[in-house]
Amino acid sequence: MQALTVIQSRFVPINIENIDTDQIIPARFLKGTTKEGFGKNLFRDWRYENDDEAKPRATFPLNQSQFSGEILVAGKNFGCGSSREHAAWSLLDYGFRVVVSSFFADIFKNNALNNGILPVQVSDGFLQKIFEQDNQTELIIDLEKQTIKINNTGEEESFSINSYKKTCLLNGYDDIDFLLSNIEEIKAFETVNHS
């Protein structure tokens, strides 16, 4: 995985609550066994008329050139619904490294963290302040400090993250990489406890 320390980027706003995993990546696209190629079907049913790539919906933010960046900002209760790791795969494959919302479904949150996407949970008020910004505004997410800042206004809020997952994201580790990074300590423990 790619390490994540500080992300400073414009953001794509999708001001809709209760975005479920079937809206993030529809079930008909779950046949892939690798993580690549899912980005093209991210929010598929919202991006295109009648599932036709030649007919993008002009009103959907992913189809609007004024919005870009590595950060998705979504309404409350993002990632609810059925458990599917493909939702995280599709966001990452599209180019998002961070998702900001005022609430995340637990299974989505864990899938995101396991795949190198940082879910940043903010207060409802701070989320509304982000949605009020123009399309040139950048957000600064500092994982080490656990802060999110609106660059234009200087307003900042802290967010929480599991310390183990924080270590993994900062170093670009998945669970296996983390174990391998501690191999000498593991060997020492084995030696002491099995002598």
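As shown above, the structure is provided for reference.
Residues numbered from 1 in each chain as written. Predicted model: local features only at pLDDT ≥ 70, side-chain atom pairs only at ≥ 80, totals over all residues. Heavy atoms only, no water.

What follows deals with the overall build of the chain. Scanning the chain from terminus to terminus reveals eight helices and seven strands. Taken over C-alpha atoms, the radius of gyration comes to 18 Å for the chain, in line with the 16 Å a tight globule of 195 residues would show. Referenced to the eigenvectors of the C-alpha coordinate spread, the extents of the chain come out at roughly 70 × 45 × 25 Å. Counting across all 195 residues of the chain, residues that qualify as buried make up 44%. Here the contacts in the chain between residues at least 6 apart in sequence split such that 62% fall between residues at least 24 apart. As displayed, the chain offers around 9900 Å² of accessible surface, 48% of which is attributable to carbon and sulfur atoms. If the 19 positive side-chain charges of the chain are averaged to one point and the 28 negative ones to another, these points end up 4 Å apart. (Helix = DSSP H or I, 4+ residues; strand = E, 2+ residues; numbered from the N terminus. Rg over C-alpha atoms; globule rule 2.2 N^0.38 Å. Buried < 20%, exposed > 50% of the residue type's maximum accessible area, 1.4 Å probe, protein only. Contact = heavy atoms within 4.5 Å. Areas by Shrake-Rupley, 256 points an atom, 1.4 Å probe, with all protein chains shown as cover. Lys, Arg positive; Asp, Glu negative; His and termini not counted. Charge placed at Lys NZ, Arg CZ, Asp CG, Glu CD.)

Take unusual backbone geometry next. In this structure, Asn18 takes a positive phi of about 60 degrees despite not being glycine. On the secondary structure map, Asn18 appears in the loop between strand 1 (6-14) and helix 1 (21-24). A residue is classified by how much of its surface remains accessible, and Asn18, at 41% relative accessible area, is partly exposed. Non-glycine residue Gln146 carries a positive phi angle of around 60 degrees. Turning to its location among the elements, Gln146 is positioned in the loop between strand 5 (138-142) and strand 6 (147-150).

Next up on the list: the pattern of salt bridges. Scanning the model with the defined rule gives eight salt bridges in all. Arg84 is the salt-bridge partner of Asp22, the closest N and O atoms lying 3.0 Å from each other. Of the two residues, Asp22 sits in helix 1 while Arg84 sits in the loop between strand 2 (71-74) and helix 3 (86-94), which places them 62 residues apart along the sequence. Assessed through its relative accessible area of 35%, Asp22 is described here as partly exposed. Among the salt bridges present, the one from Glu155 reaches Lys129, with a minimum N-O distance of 2.8 Å. Here Lys129 lies in helix 5 (residues 124-131) and Glu155 lies in the loop between strand 6 and strand 7 (156-158), a separation of 26 residues in the sequence. Taking the relative accessible area as the measure of exposure, Lys129 reaches 34% and is therefore partly exposed. (Salt bridge = Lys/Arg side-chain N within 4 Å of Asp/Glu carboxyl O.)

Between two packed helices, the angle of one axis relative to the other and the distance separating the axes together describe the packing. Relative orientation of the contacting elements helix 3 and helix 4 (residues 106-114) amounts to 50 degrees, with a least axis distance of 8 Å. Regarding the angle of helix 3 to helix 4, the classification is oblique. In this structure, helix 3 meets helix 4 at a crossing whose hand is right-handed. Residue-level inspection shows Ala87, Ala88 and Leu91 of helix 3 in contact with helix 4, the latter providing Phe108, Asn111 and Ala112. (Axes fitted to C-alpha atoms, helices over the stretch in contact; angles between N-to-C directions. Parallel < 35°, antiparallel > 145°, perpendicular 65-115°, else oblique. Left-handed = near helix turned anticlockwise from the far one by under 90°.)

We now examine the side chain of Asn41. Tracing the sequence through the fold places Asn41 in the loop between helix 1 and helix 2 (44-47). Take Asn41: its relative accessible area is 7%, and that puts it in the buried class. At 2.8 Å, the side chain of Asn41 forms a polar contact with the side chain of Arg44. In this structure, Asn41 is in contact with Ile24, Ile25, Pro26, Phe29 and Arg47, ignoring residues within four places of it in sequence. (Polar contact = N/O pair within 3.5 Å; in protein donor to acceptor, adjacent residues only side chain to side chain.)

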